[in-house]
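Here is what each chain is made of, one letter per residue.
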Amino acid sequence: MKRVYRAASLLEVAHARNVLITAGIACELRNQYLAGALGDLPMMETWPQLYVDDGDERFALSVLARASTGVDGTPWQCAACGEKLEPQFLQCWHCGTDRPGSAPQDAA
Ligand SMILES: [Zn+2]
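Computed from a predicted structure; not experimentally measured.

Caption draft 1: Geometry of the packing of aromatic side chains. With the rule as written, the count across this model stands at 0 aromatic pairs. Here the basic side chain of Arg30 rests over the ring of Tyr51, its NZ or CZ set 3.8 Å away from the ring centre.

Caption draft 2: Geometry of the coordination of the zinc ion. Bound to the zinc ion are the protein donor atoms Cys78 (SG), Cys81 (SG), Cys92 (SG) and Cys95 (SG), situated 2.2 to 2.3 Å from the metal. Between the 4 donor atoms coordinating the zinc ion, the angles at the centre fall across 104 to 118 degrees, so the site counts as tetrahedral. Counting along the primary sequence, the residues that act as donors to the zinc ion give the motif C-x2-C-x10-C-x2-C. Taken together, the residues span a long stretch of sequence, with Cys81 in the loop between strand 4 (76–77) and strand 5 (84–85) and Cys92 in the segment after strand 5 at a distance of 11 residues.

Caption draft 3: Quick peek at the pattern of salt bridges. In this structure the tally under the stated criterion is 1 salt bridge. With a closest N to O distance of 2.8 Å, Glu28 and Arg30 form a salt bridge.

Caption draft 4: How the structure looks around the pairing of strand 3 (residues 49–52). By the alternation rule, side chains of strand 3 split into Gln49 and Tyr51 and Leu50 and Val52, which are all buried. In this sheet, strand 3 lies alongside strand 1 (residues 2–6) in antiparallel orientation, the contact comprising 4 bridges. Each bridged residue has a counterpart across the sheet, and for Arg3 the counterpart in strand 3 is Tyr51.

Caption draft 5: Representation of helix 1 (residues 10–22) in the model. Spanning 13 residues, helix 1 covers 18 Å between terminal C-alpha atoms, matching the ideal 18 Å at 1.5 Å per step. Listing the buried residues of helix 1 in full gives Val13, Ala16, Val19 and Leu20. Each buried residue of helix 1 lies within a common arc of 115 degrees when the element is viewed along its axis, so the set occupies one face. For helix 1, the N-terminal cap is Ser9; the gap from its side-chain oxygen to the backbone nitrogen of Leu11 is 3.1 Å. Residue Gly24 follows helix 1 closely and has a positive phi angle near 85 degrees.

Caption draft 6: A look at the side chain of Gln49. Looking at the secondary structure, you find Gln49 in strand 3. Using a relative accessible area of 3% as the deciding quantity, one classes Gln49 as buried. Separated by 3.3 Å, the side chains of Gln49 and Arg3 make a polar contact. Apart from the residues within four sequence positions on either side, Gln49 is in contact with Arg3, Tyr5, Arg6, Val13, Glu28, Leu29, Arg30, Asn31 and Met44.

Procedures and definitions
Within each chain, residue numbers correspond to sequence positions counted from 1 in written order. Only residues with pLDDT of 70 or above have their local features reported here, since the model is predicted, and side-chain atom pairs are shown and tallied only from 80 upward, although totals for entire chains, interfaces and linings are computed over all residues. Remark: hydrogens and water are excluded; side-chain values derive from all non-hydrogen atoms of the structure. Pairing of aromatic rings covers Phe, Tyr and Trp, the last through its six-membered ring, and needs centres within 6.5 Å; plane angles under 30 degrees mean stacked, over 60 mean edge-to-face, and all others mean tilted. For a lysine, the NZ atom is tested; for an arginine, the CZ atom; a charge sits over a ring if that atom is within 6 Å of the ring centre and within 35 degrees of the ring normal. In this analysis a donor is any N, O or S atom within 2.8 Å of a metal ion (3.2 Å for sodium, potassium and calcium), and since water is not included, sites may seem incomplete. Here a site with four donors is tetrahedral if all angles are between 85 and 135 degrees, and a site with four or six donors is square planar or octahedral if opposite donors are over 155 degrees apart and the other angles are between 65 and 115; anything else gets the irregular label. Secondary structure elements follow DSSP: runs of H or I no shorter than four residues count as helices, runs of E no shorter than two count as strands, and numbering proceeds from the N terminus. The working definition used for a salt bridge is a side-chain nitrogen of Lys or Arg within 4 Å of a carboxyl oxygen of Asp or Glu. Partly exposed describes any residue whose relative accessible area lies between the buried limit of under 20% and the exposed limit of over 50%, with all areas from a 1.4 Å probe on protein chains only and scaled to the type maximum. Strands were regarded as paired on the criterion that DSSP finds at least two bridges between them. What a helix should span is 1.5 Å times the count of its residues minus one. To be clear, the arc concerns the directions from the helix axis to the C-beta atoms. What qualifies as a polar contact is a pair of N or O atoms within 3.5 Å, subject to a donor-acceptor requirement within protein and to the restriction that residues adjacent in sequence count only when both atoms come from side chains. Contact between two residues is taken to exist if any of their heavy atoms lie within 4.5 Å; hydrogens are not considered.

This is the structure we're talking about:
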């Protein structure tokens, strides 16, 4: 397993996890409940982190990079099921409908 993301905020990590899942990448969330725990660990080691299989590392990193840069900052609503979605999602995580106006990019 390779670590591809970590952040102090579980919310950020949960968003990144959703991005990976939307892209079809299996990932593992670690340290979900460790933050704030006492101990000798360096603080960043206690942050929630995302791990993916070794073979998915590069794809996962590119998906996360694209998600963090290609965002227009506007939450959107799924036309099919009405789910409200964060701007970084190109697809409805609920029903899989593509975001209106977002041409499918390299889906590799
Ligand atoms: Zn939907």
